[in-house]
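Listed below, chain by chain, are the residues.
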Amino acid sequence: MKKLERRLGLGSVFAISMSSMLGSGIFVLPGLAVGETGPSVWLAYFLAAIGILPAAISKAELATAMPTSGGTYVYIERTFGPLFGTVTGLGLWLSLLFKCAFALIGFSAYLTVLAKIPLLPTSMTLLAIITLLNILGVGKVTGVLITVVSIACVGLVGLIGLGINSVDESYFSPFMLHGPSGLFAATAMVYISYAGVTKIAAIAEEIKMPEKNLPRGIFLSLLAITAIYCLVTFTLVGNLKVETLFGDMKPIYNLAYQFGGQILGTVAAVIGILTMTSMANAGILAASRFPFAMGRDQLLPSFFGKLNSHYLTPTYGIVFSSMLIAICLIFVDVTKIAKIASALMIFNFSFLMVAVIVLRESRVQWYKPKYKSPLYPLIQISGIIISIILLGSMGYIVPAALLGVIIPGIFVYLIYGRKNTNRLGVIGIRGKRKDLIEEDEEDARPHFFTNNIELFDLAEKTNVLVTLFGKERSSETLVEIGVALAGEGKVEVSHLIEVPEQTDLSDLREEFTFVRSLRRRITAMAKSLESDINYDPIVSHDILKTVHDLHGRLQIDWLLTEWGGKTRGAFTIHSPIDWMKDHLSCNILSFRDTGVRYIRKVLVLINYNHLDYQVVNIADHFASVNGADLTIAKFVKNDLNRDEVNNERDNLVKLYADCECLKLNFKIIQGKHETQTLIETTAEYDLIVFGQLKLNFFQKYFGNKYDRITAKSACSVIRLEKTANDKD
């Protein structure tokens, strides 16, 4: 598969990001935003920049993990599934269309400086021309676009230089016409001005050292454009009375006219015309790609996903997008256009930040971003909160806009998308799987799975299934434990390799290098241990369903997997173990490998519950196999007297004196804090074995004493997570 050449450096990233932001957001929008908040409009631009920053950081991370066309739509669809993908895809599509319509209105407004012409017919004429250019395939004029933006930047900086010293302080009173609520409403309105900062993430595959240049380019361009926006609007309200700016569609022209008369005003108008034209052209170009991507994913009729055979452009997407823009120009008020565009963008960006959290916490194998968001998850959580505040400040237009996207999106999915796609998204795959529960109810033995797996021999029962998810410290150690657990029985080692749902499994026929290496080592181990070990690498879209199918087909007694507790960079404890406990009926053991290679001392913890006997049997078996000392222990508080402690020890002896291990000890561990005391005790042992009872929601997702002991133990850990007799 050919890859795009990484040829864009930091300078190119900065230039492209700047060109994506500069346009109607400064040439037109200040005149509308002033009506919401007054002279404090420059502060609204500053707050909007802060509000967009978490989304920009999140998109930078997602882009380096999924450097593919489709951008935000692809990230959300892969994370939340096709239903959310349909809704957000339509939302992103419409937000770009409204932004494009706003640019066309700005174009017409600045053109009136040169000729007295009606706004609507002029906008419609330019729309028709741009539509034709995009169909013909000449819409990508990147060099011209960057040139126009460079001229616009120079012009705006020049206006700042001319007007910053002539600011009249009296024009800033009252600072906020409608109080904080008006300021937040203006912030939400101008949010769309910065939306282009995230577009650079769409070409992450072409950027040199994306883990460095992508975030640097985003931050530098956002800083530069924020300075331009804030200083221009500060100069604007400091030199022109607020009353004259209300509803002004060409404020930059009027500011230039104030300083240089008709000549400078005309220059500003020409720059505005060129900028609006470039922006409208780029808007249709980008917007048409959303129905194209959704058509390819079979969430919209397939003709949207087809290219014109002659011009190789998505003609249906371009024409349909242009028709919607035309309807918008005719029937929607210009202020509402700006608000709706911003509301839809804020809504979609909030899901973008949630997607980062979901992908990190679900620990999907294929999610490997080269750039990771700093201060995770505080950045994402703060961005989501800011998005909610901004949406709440915009009034009735928000629910109207969101319902206008959500209802049609659900309708389109139910009528078309649901019948043409079986993707679940990460949320669907990692969540409670009713499809598997229903499958088990229909048939005690699950149906054959078809995830590019060779059919297994069912003639011989498999005692232990060892699952390898790719992050094991030592796969051989885990297999050795599986062999010890199986005794004379059969061990199935399943190496599970997860790929995104959009990846065609037929493209992955060639065996990976690391698979060949592991196959060789496990084959040698089987001969050395004289054990029945079968190794199978499995490439799958849905590795947890694959585990479910394996557990049923092989009729296993034990499932063994490595789980080291909470990983760095995550704030929940959610793991594949939790999913298995909810969906599998076999015994489940998890193992944390701390690098101990010789098991000489084994500690088993007793909690006086139904798991104790099985935990002791497991520990007894491993101690016997390794010729190790076995210590059966119980924790008690410091406040027990000597007689009570002795009674506890005597009770352990009565219950477990019949263990097979030749070197058997009993111990009562006393301490003030159970978790910390047990963690300190692990320093004296090579392996600790204990059972974990069923947890409630908060214990499962935000940690518990078992997870803390597992994560901080000085020795290796085996946990009995669930027995075959446990009820879900």
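The rules behind the values
Residues numbered from 1 in each chain as written. Predicted model: local features only at pLDDT ≥ 70, side-chain atom pairs only at ≥ 80, totals over all residues. Heavy atoms only, no water. pLDDT = per-residue confidence, 0-100. Contact = heavy atoms within 4.5 Å. Axes fitted to C-alpha atoms, helices over the stretch in contact; angles between N-to-C directions. Helix = DSSP H or I, 4+ residues; strand = E, 2+ residues; numbered from the N terminus. Parallel < 35°, antiparallel > 145°, perpendicular 65-115°, else oblique. Left-handed = near helix turned anticlockwise from the far one by under 90°. Nonpolar A, V, L, I, M, F, W, Y, C, P; charged D, E, K, R; others polar. Patch = residues over 30% accessible without salt bridge, like charges linked within 9 Å, V, L, I, M, F, W, Y side chains within 5 Å. Areas by Shrake-Rupley, 256 points an atom, 1.4 Å probe, with all protein chains shown as cover. Salt bridge = Lys/Arg side-chain N within 4 Å of Asp/Glu carboxyl O. Buried < 20%, exposed > 50% of the residue type's maximum accessible area, 1.4 Å probe, protein only. Polar contact = N/O pair within 3.5 Å; in protein donor to acceptor, adjacent residues only side chain to side chain. Pairing = 2+ DSSP bridges.

Below, the discussion takes up the confidence of the model for the protein chain. For the protein chain, the mean per-residue pLDDT works out to 82, and 86% of the residues sit at or above 70. In the predicted structure, residues 440-459 sits below a pLDDT of 50 and forms 39 contacts with residues beyond four places in sequence or in another chain.

With that settled, the discussion passes to the packing of helix α3 (residues 29-37) against helix α9 (residues 179-190). The N-to-C vectors of α3 and α9 enclose an angle of 160°; their axes lie 7 Å apart at closest approach. The orientation of α3 relative to α9 falls into the category roughly antiparallel. For the pair α3 and α9, the crossing hand works out as right-handed. On α9, the residues that touch Leu-29, Leu-32, Ala-33, Glu-36 and Thr-37 of α3 are Gly-182, Leu-183, Ala-185, Ala-186, Met-189 and Val-190. Grouping the constituent residues of the contact of α3 with α9 by class yields 8 nonpolar, 2 polar and 1 charged.

Moving on: the packing of helix α10 (residues 210-239) against helix α12 (residues 251-287). Where α10 meets α12, the closest approach of the two axes is 10 Å, and the angle between their N-to-C directions is 60°. The pairing of α10 with α12 is recorded here as oblique in orientation. Relative to α12, α10 is oriented so that their crossing is left-handed. Here Val-232, Thr-235, Leu-236 and Asn-239 of α10 lie close against α12, whose contacting residues are Pro-251, Ile-252, Leu-255, Gln-258 and Phe-259. For the contact of α10 with α12, a count of residues per class yields 6 nonpolar, 3 polar and no charged.

For the rest of this paragraph, the subject is a nonpolar patch on the surface. Taken together, the side chains of Leu-83, Phe-84, Ile-410, Phe-411, Leu-414 and Ile-415 define a hydrophobic patch exposed on the protein surface, amounting to about 520 Å² of accessible area. Top contributing element to the nonpolar patch by residue count: helix α17 (residues 397-420), with 4 residues. Relative to the helices and strands, Ile-415 is located in helix α17.

Tallied over the full model, the rule gives 10 salt bridges. We note a salt bridge from Glu-36 to Lys-339, for which the minimum N-O separation is 3.0 Å. Taken together, the residues span a long stretch of sequence, with Glu-36 in helix α3 and Lys-339 in helix α15 (residues 334-362) at a distance of 303 residues. What makes Glu-36 buried here is its relative accessible area of 17%.

So, on to the side chain of Thr-86. Mapped onto the fold, Thr-86 is located in helix α6 (residues 82-111). Polar contacts involving the side chain of Thr-86 include one to the main-chain carbonyl oxygen of Pro-82, which spans 2.7 Å. Leave out the neighbours within four places in its chain, and Thr-86 touches Met-294, Leu-299, Gly-409, Val-412 and Tyr-413.

Sheets are built from strands that pair by backbone hydrogen bonding, the pairs being arranged parallel or antiparallel. One open sheet accounts for 10 strands, arranged β3-β2-β1-β4-β5-β10-β9-β6-β7-β8; its pairing is mixed. Only two strands of the sheet have a single neighbouring strand rather than two, namely β3 (532-540) and β8 (664-671). Each neighbouring strand pair of the sheet contributes to a mean axis angle of 25°, computed without reference to strand direction. Pairing of strand β4 (residues 558-562) with strand β5 (residues 587-592), which is carried by 5 bridges, proceeds in the parallel orientation. Counterpart to Trp-558 in the pairing with β5 is Asn-587. The strands touched by helix α20 (residues 475-486) within the sheet are β1 (464-468), β2 (490-498), β3, β4, β5 and β10 (716-722), with β1 carrying the most contacts at an inclination of about 170°. In the packing of helix α21 (residues 513-529) onto the sheet, contacts are made with β1, β2 and β3, and the angle to β3 comes to roughly 165°.

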